[in-house]
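Residue-level structural notes
Residue-level listing of the chains:
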There are 2 protein chains.
Amino acid sequence: MVPYAKRMENMAFTANVVRGLFGSMIDPNVISFGGGSPAREALPVDTIRLLADEILQTDGRGVEALQYGPLIGVRDLREVVVRDLLAPKGIDCGVENVMIVAGGLEGINLTCQAYIDPGDVILLEAPTFVQSVEIFDLFQAKCVSVDMDDDGLLPEDLERKIRQFHPKMIYTNPTFQNPSGRTLSLERRKAVAELAAKYDVLVLEDDPYRDIRYSGEDLFPIKHFDATDHVVMAGSFSKIFSPGSRLGYVVADAETIGHLVDVKAATNSHTSMLPQILCAEFFKRGYYPAHHKMICDLYRKRRDVMLQSIDRYFPAGTKHSYPDGGLFTWVELPGGIDTTALLRESTADPAVGVAFVEGEGFFSDHDGRGKNCMRMSFGSTPEDLIEEGVRRLGGLICSKLGQ
Amino acid sequence: MVPYAKRMENMAFTANVVRGLFGSMIDPNVISFGGGSPAREALPVDTIRLLADEILQTDGRGVEALQYGPLIGVRDLREVVVRDLLAPKGIDCGVENVMIVAGGLEGINLTCQAYIDPGDVILLEAPTFVQSVEIFDLFQAKCVSVDMDDDGLLPEDLERKIRQFHPKMIYTNPTFQNPSGRTLSLERRKAVAELAAKYDVLVLEDDPYRDIRYSGEDLFPIKHFDATDHVVMAGSFSKIFSPGSRLGYVVADAETIGHLVDVKAATNSHTSMLPQILCAEFFKRGYYPAHHKMICDLYRKRRDVMLQSIDRYFPAGTKHSYPDGGLFTWVELPGGIDTTALLRESTADPAVGVAFVEGEGFFSDHDGRGKNCMRMSFGSTPEDLIEEGVRRLGGLICSKLGQ
């Protein structure tokens, strides 16, 4: 047998967790708070059908949609990113600073290809997004976690770890974080940018949820405070347009974009053309504002029902985050409940039949943290089923605590 | 400044060549024999429009097309690969042996992620496909070239190099090779599979052109002779359906597919859903056979015009390959003509205005081979422009030789 590359051993643990995440999306027999899928009601199927019908004409953009395209992405869509997604958030840049990639996650992979050598240290949040850790493991990076509180990464601990570990990169998911639902405060965003410049560390700002906010005030991204080209931002169309289209974007200085385009060429040449053109037209023709309001209203209701139901049905001593947007809340259970065992039981028992994601996999140190925690997604489940699922799961947890 | 990863230095040379390849596709002022794009007439725009209209209904597969999908790819499309593309070519496998990727090139990238450590030796053809070498450079492999003749790789030289360099992988593009248009003979395909088993070396069979044959007899792929799971095949829908859709597939034993799916999850989760479903329906509803005949007839005529024109207008002593399929012929010029200088002149001079790809970039050793060679693509240029472009280019070459 031809041996696998060494990096494959590194990622065996996280690969297993990620497979579980994708598997949990498609089991029809459980109420799933597991996957991170958008609601089916949030997918603009009818609009995309209209746009496809018009675009797919030989005299229209049909040939462009099916032929090879530019490595850096379709220009129209890069302009949409600059004008509709970055400028309103306080990021002033040009199309030369934006490339299109196949989902926000690909932006993380390409940034690692361009910057991470085996053994390089990446600082990240605890908990953090496990699929990103899978990527860091693939690149044989050494992940070191930084403490957080309800306002995100702690700058004091970040600076201490920078001094101690000399990292190549800081990875953060600052807005409505996956999995915790927490948001990095404005002062801390500024502090992260300043620390990156001071110590010459790259910041990978993974910000796919920023545009779906249901309460509170918009915050400038870390990239807004980046005066020294130390921040690469990975954005996504998965939550505001369609995840199956696999569309994301990277924002960086033009030199870095040039290198990322080379890496993209050596990964899959360029991103699929028809989805890019459909997405660009969706924005250019003005469908986005009404769609955006509709999905935020939808998710706000689901969030509220989930948080109220947890307060009502989960045992006393339960803590949960209050996400101002995004798709997740993070729950800490009292009484030494092990959520990995709980998940097995709650999915196997047909009287419960509820899935979530156990907390342990979101801690890159695998030091036992998160054992009593769970990520609960409210995105893809209707309100009545959210209440029903939380009620059943809460009943199971209370029964284990003898409550 | 945060330093780039070491692998970025490795790929600087090939990245430059690949950027040129993609750039050459979009200059409207020249007759281009440069890029490897299919003909616009070969893109099934109208059929895809009909299919999109039907699929993109909420009650139909519209939600599936826009939502997250399986990491391994859409099952319908994997079944199409097994039944319509592999079985007729003598590869007997199941859907568990097939995953969908974002273009044939991504199959090459993922295979390297799973198998190639820095310093591993990859044996490859001379000349070979430069964008694959860019990937091998990214993975810091050591590329060693194997001699070829008109029937492809020489098995004697291959065995000698296996013994000498102990490679991890043999990379071959056996059918209507990019850039040479040559096809590996049946006996040699069998020999390559046997050498791989004998010396425990992986074969990466990159076979994107196999299905567009215009003359001669179909040959079994190397994978057909693989009794020991030493062959990974990368296939593509770019030439038979649409390159902009970025759809390809990998064929391997189920264990290897499992690892490649993990790597895909850490690259971009999965391939874009709408293109996968459109492509699957295109085959399932029986559109492929007539489309296939149409594109083969189209390319056969273009090939014939290009070869006849080269024979007529290029100077005495010119050699070219006779491709039985694919999109390229490989031309060797007499009299010490340097094709890199020739390309500069032929694109800059408005009286010529013809592009091709200079030969040097296709030799991974950068040892000066290919200096008098050029890759000429007949795929995307109408017959009258092929003759006109070859006539003008031939005139320029003859004038340099004083003919």
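All figures in this text were calculated on a predicted structure; none of them were measured in a lab. (Residues numbered from 1 in each chain as written. Chains lettered and ligands numbered in written order. Predicted model: local features only at pLDDT ≥ 70, side-chain atom pairs only at ≥ 80, totals over all residues. Heavy atoms only, no water.)

Quick notes on the overall build of chain A
- Across its full length, chain A holds 14 helices and 15 strands.
- Taken against the 2.2 N^0.38 rule, which gives 22 Å for 403 residues, the C-alpha radius of gyration of chain A at 21 Å falls within 12% of a compact globule.
- Considered along the principal axes of its C-alpha atoms, chain A spans approximately 65 × 55 × 55 Å.
- Considering only contacts within chain A whose residues lie at least 6 apart along the sequence, 73% involve residues at least 24 apart. (Helix = DSSP H or I, 4+ residues; strand = E, 2+ residues; numbered from the N terminus. Rg over C-alpha atoms; globule rule 2.2 N^0.38 Å. Contact = heavy atoms within 4.5 Å.)

Examining the interface of chain B and chain A
- Listed as interface residues are 83 residues of chain B and, on the opposing side, 83 residues of chain A.
- With both sides pooled, the region where chain B packs onto chain A buries about 7200 Å², and carbon together with sulfur makes up 57% of that total.
- The three residues of chain B that bury the most area against chain A are Tyr4(B), Leu66(B) and Tyr68(B), which together make up 11% of that side's buried surface.
- For the pair chain B and chain A, the interface holds 42 residue pairs in polar contact (both at pLDDT 80 or more).
- Among the secondary structure elements, those contributing two or more residues to the side of chain B that touches chain A are helix 1 (7–10), helix 2 (12–24), helix 3 (45–55), helix 4 (62–66), helix 6 (104–115), helix 7 (130–138), helix 10 (254–268) and helix 11 (273–284) of chain B.
- The greatest single-element share of the side of chain B that touches chain A, amounting to 9 residues, is contributed by helix 10 of chain B.
- Split by residue class, the side of chain B that touches chain A holds 44 nonpolar, 23 polar and 16 charged. (Buried area = accessible area lost by both parts, 1.4 Å probe. Polar contact = N/O pair within 3.5 Å; in protein donor to acceptor, adjacent residues only side chain to side chain. Nonpolar A, V, L, I, M, F, W, Y, C, P; charged D, E, K, R; others polar.)

A short note on the sheet that holds strand 10 (residues 248–251) of chain A
All names here are of chain A.
- The strand order across the open sheet formed by 7 strands is 2-10-9-8-7-3-4, and the pairing between neighbours is mixed. The sheet is open, and its two edges are formed by strand 2 (98–101) and strand 4 (142–146), each paired on a single side. Taken pair by pair, the neighbouring strands of this sheet meet at an average axis angle of 20°, ignoring direction.
- Pairing geometry for strand 3 (residues 121–125) and strand 4, over 5 bridges, is parallel. Paired with Ile122 across the strands is Cys143, a residue of strand 4.
- Packed onto the sheet, helix 8 (residues 155–165) meets strand 3, strand 4 and strand 7 (169–172) and runs at close to 150° relative to strand 4. (Pairing = 2+ DSSP bridges. Axes fitted to C-alpha atoms, helices over the stretch in contact; angles between N-to-C directions.)

Focus: the sheet that holds strand 14 (residues 357–358) of chain B
Residues and elements named next belong to chain B.
- Spatially, 4 strands are ordered 11-12-15-14 in an open sheet, and the strand pairing comes out antiparallel. Two strands bound the open sheet, and with one partner strand each, they are strand 11 (319–320) and strand 14.
- In this structure, strand 14 lies alongside strand 15 (residues 373–377), joined through 2 bridges in antiparallel fashion. Bridged to Val357 within strand 15 is Arg375.

With respect to the packing of helix 13 (residues 339–348) of chain A against helix 14 (residues 383–400) of chain A
Residue and element names in this part refer to chain A.
- Between helix 13 and helix 14, the shortest axis-to-axis distance is 11 Å and the interhelical angle comes to 125°. On the basis of the axis angle, helix 13 is oblique to helix 14. Here the hand of the crossing between helix 13 and helix 14 comes out right-handed. In contact with Leu342, Glu345 and Ser346 of helix 13, helix 14 contributes Leu393, Leu396, Ile397 and Lys400.
- Looking at the contact of helix 13 with helix 14 residue by residue, the classes come out as 4 nonpolar, 1 polar and 2 charged. (Parallel < 35°, antiparallel > 145°, perpendicular 65-115°, else oblique. Left-handed = near helix turned anticlockwise from the far one by under 90°.)

Overview of the pattern of salt bridges
Residues and elements named next belong to chain A.
- Applying the stated rule across the entire model yields 78 salt bridges over all chains.
- Where Arg213 meets Asp218, a salt bridge forms, and the shortest distance between an N and an O atom there is 3.5 Å.
- Accessibility expressed as a relative area gives 43% for Asp218, which makes it partly exposed.
- Notably, a salt bridge pairs Glu360 with Lys371, separated by 3.5 Å at the nearest N-O pair. With a gap of 11 residues between them, Glu360 in the loop between strand 14 (357–358) and strand 15 (373–377) and Lys371 in the loop between strand 14 and strand 15 connect regions that are remote in the sequence.
- Overall, Glu360 belongs to the partly exposed group, its relative accessible area being 26%.
- We classify Lys371 as partly exposed; its relative accessible area is 38%.
- If you follow the salt bridges from partner to partner, you end up with Glu54, Arg61, Glu64, Asp76, Glu281, Lys284 and Arg285 in one network. (Salt bridge = Lys/Arg side-chain N within 4 Å of Asp/Glu carboxyl O. Buried < 20%, exposed > 50% of the residue type's maximum accessible area, 1.4 Å probe, protein only.)

A short note on the relation of the copies chain B and chain A
- Overlaying chain B on chain A yields an RMSD of 0.0 Å, the required transformation being a rotation through 180° with an accompanying axial translation of 0.0 Å. Overall, the copies show the geometry of a two-fold rotation axis.
- Interface overlap between copies is the fraction of interface residues in one copy that are interface residues in the other; for chain B against chain A it reaches 100%, indicating a shared surface. (Least-squares fit on C-alpha atoms with pLDDT ≥ 70 in both.)

Overview of the packing of aromatic side chains
- Following the criterion strictly, the structure yields 26 aromatic pairs over all chains and no others.
- On the numbers, 5.1 Å between centres and 70° between planes, the contact of Phe136(B) with Tyr171(B) is edge-to-face. With Phe136(B) in helix 7 and Tyr171(B) in strand 7 (residues 169–172), this residue pair connects regions lying 35 residues apart in the sequence. Tyr171(B) shares its class with Phe136(B); the two are buried.
- With a centroid separation of 5.8 Å and 85° between ring planes, the pair formed by Tyr209(B) and Phe328(B) is classed as edge-to-face. You can see Tyr209(B) sitting in the loop between strand 8 (202–206) and strand 9 (231–236) and its partner Phe328(B) sitting in strand 12 (residues 328–332), a full 119 residues away along the chain. Pair check on accessibility: Tyr209(B) and Phe328(B) agree, each one buried.
- Grouped by ring-pair contacts, the aromatic residues Phe237(A), Phe241(A), Tyr249(A), Phe282(A), Phe283(A), Tyr287(A) and Tyr288(A) constitute a single cluster. (Phe/Tyr/Trp six-rings, centres within 6.5 Å; stacked < 30°, edge-to-face > 60°.)

Some details on helix 6 of chain B
All names here are of chain B.
- Taking 1.5 Å of rise per residue, the 12 residues of helix 6 would be expected to cover 16 Å, and the 17 Å separating its terminal C-alpha atoms lies within 8% of that figure.
- Summarising burial for helix 6: 12 of the 12 residues are buried, a large majority.
- Taken together, the buried positions of helix 6 are Gly104, Leu105, Glu106, Gly107, Ile108, Asn109, Leu110, Thr111, Cys112, Gln113, Ala114 and Tyr115. (Expected span 1.5 Å × (residues − 1).)

Notes on the UniProt feature "domain: Aminotransferase class I/classII large" (unreviewed entry) in chain A
- UniProt marks residues 59–392 of chain A with the feature "domain: Aminotransferase class I/classII large" (unreviewed entry), using the numbering shown here.
- As annotated, residues 59–392 of chain A comprises 41% helix and 16% strand, and the C-alpha atoms at either end are separated by 56 Å. (UniProt positions renumbered as here; feature names shortened; annotations may be inferred.)

Let's talk about unusual backbone geometry
Residue and element names in this part refer to chain A.
- Here the residue pair Ala126 and Pro127 is connected by a cis peptide bond, since its omega of 0° sits within 30 degrees of zero.
- By secondary structure assignment, the location of Pro127 is in the loop between strand 3 and helix 7 (130–138).
- Of note, the phi angle at Phe176 is positive, near 50°, even though the residue is not glycine.
- With respect to the helices and strands, the residue Phe176 is situated in the loop between strand 7 and helix 9 (186–199).
- Judged by relative accessible area, which is 0%, Phe176 ranks as buried.

Topic: the pairing of strand 2 (residues 98–101) of chain B
All names here are of chain B.
- Burial along strand 2 is two-sided: the residues Val98 and Ile100 and Met99 and Val101 are all buried.
- Summarising the sheet, strand 2 and strand 10 (residues 248–251) pair through 4 bridges and their orientation is antiparallel. Considered in strand 10, the bridge of Met99 is made with Val250.

Examining the packing of helix 3 (residues 45–55) of chain A against helix 11 (residues 273–284) of chain A
Residues and elements named next belong to chain A.
- Closest axis-to-axis distance for the helix 3/helix 11 pair is 10 Å, and the angle between their directions is 115°. Judged by the angle between their axes, helix 3 and helix 11 are roughly perpendicular. Crossing geometry of helix 3 relative to helix 11 is assigned as right-handed. On helix 11, the residues that touch Thr47, Ile48, Leu51, Ala52 and Ile55 of helix 3 are Ile277, Leu278, Glu281 and Phe282.
- Here the residues of the contact of helix 3 with helix 11 sort into 7 nonpolar, 1 polar and 1 charged.

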